[in-house]
Amino acid sequence: MENKKGNSLWNFFASVKLALVTLFVLAVASIIGTIVPQKEEATRYIELYGANVANFFQLLDIQDMYNSWWFVSMLVLFSLNLIVCTIERLPHIWKVVRQDNLAITNADRLGKMAMHRTFTSRMPSSQTVGTVRTIMAAAGWPLRQAEKDGGTMLFSQKGAYTRLGVIIVHVSILVIFTGSLIGSFYGYKASVLIPEGGETSQVYQSNNEHTAIPLDFTVSCNDFQLTYYNTGMPKEYRSDLVVRKGSEKLFEKSIVVNDPLQYGGLTFYQSSYQPVQGQFTVQITNENTKAEQKFFIPPRQESKWLTEKISFGITDMSGPDMMQRYQYKIWFSDDKAGPSEFWINEGGTAKIKRPDTTYIFTAKPRFATGLQVVKDPGVWTVYSGCIMMILGLFVIFYMSHRRVWVFVSSDGDKSCILISGMSNKNKIGFEKNMEAIYDKFAAESSFSS
Amino acid sequence: MNSSQLLGFTTFAYLLASILYIAIFVFRAQKIGIVASVVTLLGFLAHTGGFALRWIESYQMGYGHAPLSNMYESLIFFGWSIAIFYLWLEWKFKNRLIGAFAIPFAFFSMAYASFAPEIDGQIKPLVPALQSNWLIAHVMTCFIGYAAFAVAGGIGIMYLMKDRYEEGQKQKGAEAGGLFSTLPALRIIDDIIYKCIIFGFVWLSTGIITGAIWANEAWGTYWSWDPKETWSLITWFVYAAALHARFVRGWSGKRIAWIAIIGVFSVVFTYYGVNFLLSGLHSYGSPG
Ligand code: HEM
């Protein structure tokens, strides 16, 4: 400790003044990034601020400020500050937690504490000690005692371990930082677009190169559904995903925003969709046999369902209507009767009566679902840090280390009582506790103040 | 009876209560104190009823969700949090004078929600990004924190007024009496400000964390430096600095009162300014 005290670099990093300055600078710097748009194209900055300012921004990485060398350095400084400060204070805090207050406190110190009161007792000290113990135990302060300084010293404390709350909060911040570092070193963010009926065994990293990352399984999208409220607002984006290895189906889930698929350390989020140009999804069901088939077809072309001997196609389109839907003109034929032609709504169904059965026909654009793919092995570390922080804050703010001493000394056949208390937090609240204890002493018939 | 009638009554009750609390303070009319408390409590009950009813109404409309989904609904919840937080303070500190510095915030929040042309009070269905139980946890925790900070700021103003008055009296060599002597002692006001700040700090921390968890459930990124996130962090820094300044460097009194007031500006910007002045991911509080 001694040699550290002399080390000015160490003291610099251990100081709370530095913490205040860092917090202030981080707060002010963070504002910049909320005003200057982040991660835009270089030309956008020239457009917005002119070439000179844009150059200056380039120099300071303002366009990606939160990852810039100087902002990251601030965070590093902040962490170092926390680490050094914690190391510096831990031994002291630990000592206060573990120390034997009965042994180290002298009687003359009690009278100097901010909260103290004296009483006289008409009983000799041994009896007085007994009564004091009874009163205090009933008030929730079981006393330990020792003979010293020419009398009896009694002591009780609550919440000594709550002093560690500060350490928990500060360490929790470091735990969160650690979690985010784990994520940035061992994880990645990527995305992939899978058309309905298609599959992928690789995803594309969300960086400028869009590097392909191979998966050791395949993900396919059986269906994408987009539904609207009657107000026209989007209600749900849903993709039915299947995970396979070879031909073996391993996992299957229908995902929506806020409910992703997790498999093999990766999480697949519903993030966007787009129609596949010039392609439509048609589903036909034979009502009698329940035979069902899905087709992805281009418009204005005849397609066939061979086993049912059906030919069909989309011959025309119109729209969109008020609900943003298109209408399709369908041509349908089989070998049993003449062809039929009709219009249906995008996503709507039509029943086609044929001599031997009825077919149910639906058509909509073929969509590709856009998935955000994330690998982040640090998340649980971050979450643990968060839990630690909340618990720690609770301990710091709503619990305290409260200590009560009573010193009983003989005065002829009477005795003197000196009671004092100390709390590291919420002193005003603790004063009330102490007042209540004084009142109990005052109410004891053989004691007087 | 529908939710907007109840909330309209609430707004009126908070206006009346604000006037009463200010009257208690200005005219030292302690006797009407109980009336102010009862009006506030009635307003609060109507508020709770209105909130619950709006929740039910959204289910009747077929797209049920907690009424915490847009600017209007969050202002209503903000007012509610201030009212309950204040009632708790009044009960705990047995002091009605704080009311003049707290209940007007509840009234402003309600009145702004109801009358500002840019705020739409209609019940709307939830867009996919908001369909999550984290919405409830996140919005509630944040706004309880904001409410505590708002009250801390109000009491900060109270502190500065009393402090200035007492300084003036001291210079004149006069007795410290008059209007401000009915306020609690500076030491007690200081303690109340600090208690409000730590209460708010725990809730804001929880609010930021629940927001991060939600973002991770929805997009796979618990932190993306979006302006709203960043501003909530800035607010958090401001209060963290206040706690350290107080606990480690012994700041108290005027300086903490000032930080409590500055903090409110940061809160208001996080909550309001970001939606209207900056753009970002938070489809949430957008004006419509
Ligand atoms: C934003 C991040 C931080 C948070 C949320 C935080 C939180 C806290 C809290 C809640 C307290 C207790 C205050 C009280 O009892 O009223 C505290 C105390 C303290 N903090 Fe921090 N802190 C942070 C950063 C730092 C940093 C960077 C330092 C570096 C020096 C630091 C040094 C201290 C010290 C020395 C104490 C007093 C501890 C004691 O009881 O001995 N804090 N902190």
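Residues numbered from 1 in each chain as written. Chains lettered and ligands numbered in written order. Predicted model: local features only at pLDDT ≥ 70, side-chain atom pairs only at ≥ 80, totals over all residues. Heavy atoms only, no water.

Quick word on the overall build of chain B
Stage number 1. Across its full length, chain B carries eight helices and zero strands.
Stage number 2. Helices (α) and strands (β) of chain B occur, in sequence order from the N terminus, as α-α-α-α-α-α-α-α.
Stage number 3. Over its C-alpha trace chain B gives a radius of gyration of 20 Å, about what one expects of a compact globule, namely 19 Å for 288 residues.
Stage number 4. By its C-alpha atoms, chain B is 65 × 45 × 30 Å across when sized along the principal axes.
Stage number 5. When the 288 residues of chain B are sorted by exposure, 59% land in the buried category.
Stage number 6. Across chain B, contacts joining residues at least 24 apart in sequence account for 79% of those joining residues at least 6 apart. (Helix = DSSP H or I, 4+ residues; strand = E, 2+ residues; numbered from the N terminus. Rg over C-alpha atoms; globule rule 2.2 N^0.38 Å. Buried < 20%, exposed > 50% of the residue type's maximum accessible area, 1.4 Å probe, protein only. Contact = heavy atoms within 4.5 Å.)

Observations concerning the site of the ligand
Stage number 1. Taken together, the neighbourhood of the ligand is formed by 23 residues, with H170 and I173 of chain A together with Y194, H244 and F247 of chain B sitting nearest.
Stage number 2. Looking at the residues close to the ligand, they fall on chains A and B.
Stage number 3. Breaking the shell around the ligand down by element, the ones donating at least two residues are α3 (16-35), α6 (69-98), α10 (165-186) and α11 (379-398) of chain A together with α6 (186-219) and α7 (227-247) of chain B.
Stage number 4. At five residues, the largest contribution of residues to the shell around the ligand is made by α6 of chain A.
Stage number 5. Per-class residue counts for the shell around the ligand are 17 nonpolar, four polar and two charged. (Near = heavy atom within 4 Å. Nonpolar A, V, L, I, M, F, W, Y, C, P; charged D, E, K, R; others polar.)

Considerations on the coordination of the iron atom of the ligand
Stage number 1. Taken together, the protein ligands of the iron atom of the ligand are H170 of chain A (NE2) and H244 of chain B (NE2), with distances of 1.8 to 1.9 Å.
Stage number 2. For H170 of chain A, a relative accessible area of 17% translates into the label buried.
Stage number 3. With relative accessibility at 25%, the residue H244 of chain B sits in the partly exposed group. (Donors = N, O, S within 2.8 Å, 3.2 Å for Na, K, Ca; no water.)

Focus on the packing of aromatic side chains
All names here are of chain A.
Stage number 1. Within the structure shown, the criterion is met by 51 aromatic pairs over all chains.
Stage number 2. A ring pair is formed by F224 and F367, whose centres lie 5.3 Å apart and whose planes are at 65°; its orientation type is edge-to-face. Placement of F224 in strand β6 (residues 212-228) and of F367 in strand β17 (residues 358-375) is noted, with a sequence separation of 143 residues between them. Of the two residues, F224 and F367, neither departs from the other in class, the shared state being buried.
Stage number 3. Counting every residue linked through ring pairs, the aromatic cluster contains F295, W305, F312, F332, F342, Y359 and F361.
Stage number 4. The ring of W141 has K158 sitting right over it, with the charged end atom 3.9 Å from the ring centre.
Stage number 5. A cation over a ring is seen here: R366 above F296, with NZ or CZ 4.0 Å from the ring centre. (Phe/Tyr/Trp six-rings, centres within 6.5 Å; stacked < 30°, edge-to-face > 60°. Lys NZ or Arg CZ within 6 Å of the ring centre and 35° of its normal.)

With respect to the interface of chain B and chain A
Stage number 1. Taken together, the 46 residues of chain B in the interface contact 46 residues of chain A.
Stage number 2. For the pair chain B and chain A, the summed buried area comes to about 4,000 Å², and 71% of that belongs to carbon and sulfur atoms.
Stage number 3. Run the count over chain B and chain A and you get zero salt bridges.
Stage number 4. Across the contact surface, chain B and chain A share 11 residue pairs in polar contact (both at pLDDT 80 or more).
Stage number 5. Sorting the residues of the side of chain B that touches chain A by element identifies α6 and α7 of chain B as the ones contributing at least two each. (Buried area = accessible area lost by both parts, 1.4 Å probe. Salt bridge = Lys/Arg side-chain N within 4 Å of Asp/Glu carboxyl O. Polar contact = N/O pair within 3.5 Å; in protein donor to acceptor, adjacent residues only side chain to side chain.)

A look at the sheet that holds strand β3 (residues 151-158) of chain A
Residues and elements named next belong to chain A.
Stage number 1. As summarised here, the arrangement of the six strands in space is β2-β3-β18-β19-β1-β20, forming an open sheet in which the pairing is antiparallel. On the outer flanks of this sheet lie β2 (144-148) and β20 (447-448), each paired with one strand and no other.
Stage number 2. Pairing of β3 with strand β18 (residues 402-411), which is carried by seven bridges, proceeds in the antiparallel orientation. When the bridges of β18 are listed, K158 appears paired with R402.
Stage number 3. Each of β1 (115-121), β2, β3, β18, β19 (414-423) and β20 is contacted by helix α9 (residues 125-138), which is oriented at about 160° to β18, the strand it contacts most. (Pairing = 2+ DSSP bridges. Axes fitted to C-alpha atoms, helices over the stretch in contact; angles between N-to-C directions.)

A few points about the domain arrangement of chain A
Stage number 1. Domain boundaries assigned for chain A yield domain 1 (4-92), domain 2 (99-159 + 400-448) and domain 3 (188-375).
Stage number 2. A separation of 47 Å is found between the C-alpha centroids of domain 1 of chain A and domain 3 of chain A. (Domains from an automatic or database assignment.)

Focus: the sheet that holds strand β15 (residues 340-345) of chain A
Residues and elements named next belong to chain A.
Stage number 1. Read across the open sheet, the four strands follow the order β12-β13-β14-β15; overall the sheet is antiparallel. Every other strand in the sheet has two partners, leaving β12 (303-305) and β15 as the edge strands with one partner each. Averaged over all pairs of adjacent strands, the angle between their axes in this sheet comes to 30°, without regard to strand direction.
Stage number 2. Relative to β15, strand β14 (residues 327-334) runs antiparallel, the two sharing six bridges. Looking at the pairing, K329 lines up with W343 of β15.

As for α11 of chain A
Stage number 1. Its 20 residues place the ends of α11 of chain A 28 Å apart at the C-alpha level, agreeing with the 28 Å of an ideal helix rising 1.5 Å per residue.
Stage number 2. Where α11 of chain A is concerned, the buried positions are V379, V382, Y383, G385, C386, M389, G392, L393, V395, I396 and F397 of chain A.
Stage number 3. Those residues of α11 of chain A hidden inside the fold are in contact with α10 of chain A together with α6 and α7 of chain B. (Expected span 1.5 Å × (residues − 1).)

Some thoughts on the environment of L23 of chain A
Stage number 1. In this fold, L23 of chain A is placed in helix α3.
Stage number 2. Spatially, the C-alpha atom of L23 of chain A lies 37 Å from that of V404 of chain A, the residues being 381 residues apart in sequence.
Stage number 3. Those residues in contact with L23 of chain A that lie beyond four places of it in its chain are F78 of chain A together with F237, A240 and A241 of chain B.

What about the nonpolar core?
Stage number 1. In terms of nonpolar packing, the biggest core is built from 127 residues, with F397 of chain A together with I155, I193 and I197 of chain B touching the most fellow members.
Stage number 2. Considering each element in turn, this core owes the most residues, 18 residues, to α6 of chain B.
Stage number 3. With sequence-adjacent residues up to four places away left out, F397 of chain A is seen in contact with Y194, I198, F201, V202 and L243 of chain B.
Stage number 4. Of all hydrophobic cores here, the second largest spans 21 residues; its members include M115, V404, I417 and I437 of chain A. (Core = buried A, V, L, I, M, F, W, Y, C linked by side-chain atoms within 4.5 Å.)

Notes on the domain arrangement of chain B
Residue and element names in this part refer to chain B.
Stage number 1. As far as domains go, chain B holds domain 1 (1-131) and domain 2 (132-281).
Stage number 2. The gap between the C-alpha centroids of domain 1 and domain 2 is 20 Å.
Stage number 3. Contacts between the two partners involve 30 residues from domain 1 and, on the opposite side, 32 residues from domain 2.
Stage number 4. Here domain 1 packs against domain 2, burying approximately 2,900 Å² in sum over the two surfaces, 83% of which is carbon and sulfur.
Stage number 5. Our count for the contact surface shared by domain 1 and domain 2 stands at four residue pairs in polar contact (both at pLDDT 80 or more).
Stage number 6. Broken down by secondary-structure element, the contributors of at least two residues to the side of domain 1 that touches domain 2 are α1 (3-27), α2 (33-60), α3 (71-93) and α4 (103-115).
Stage number 7. The element that contributes the greatest number of residues to the side of domain 1 that touches domain 2 is α3, accounting for 10 residues.
Stage number 8. Class assignment for the residues of the side of domain 1 that touches domain 2 results in 23 nonpolar, five polar and two charged.

Re the environment of W343 of chain A
All names here are of chain A.
Stage number 1. Following the sequence through the fold, W343 ends up in strand β15.
Stage number 2. Residue W343 is classed as partly exposed on the basis of its relative accessible area, which comes to 42%.
Stage number 3. In the structure, W343 is positioned 17 residues away from I360 in sequence and 14 Å away in space, judged by C-alpha atoms.
Stage number 4. The residues touching W343, leaving out its near neighbours within four places in the chain, are D316, M317, S318, Q327, Y328 and K329.

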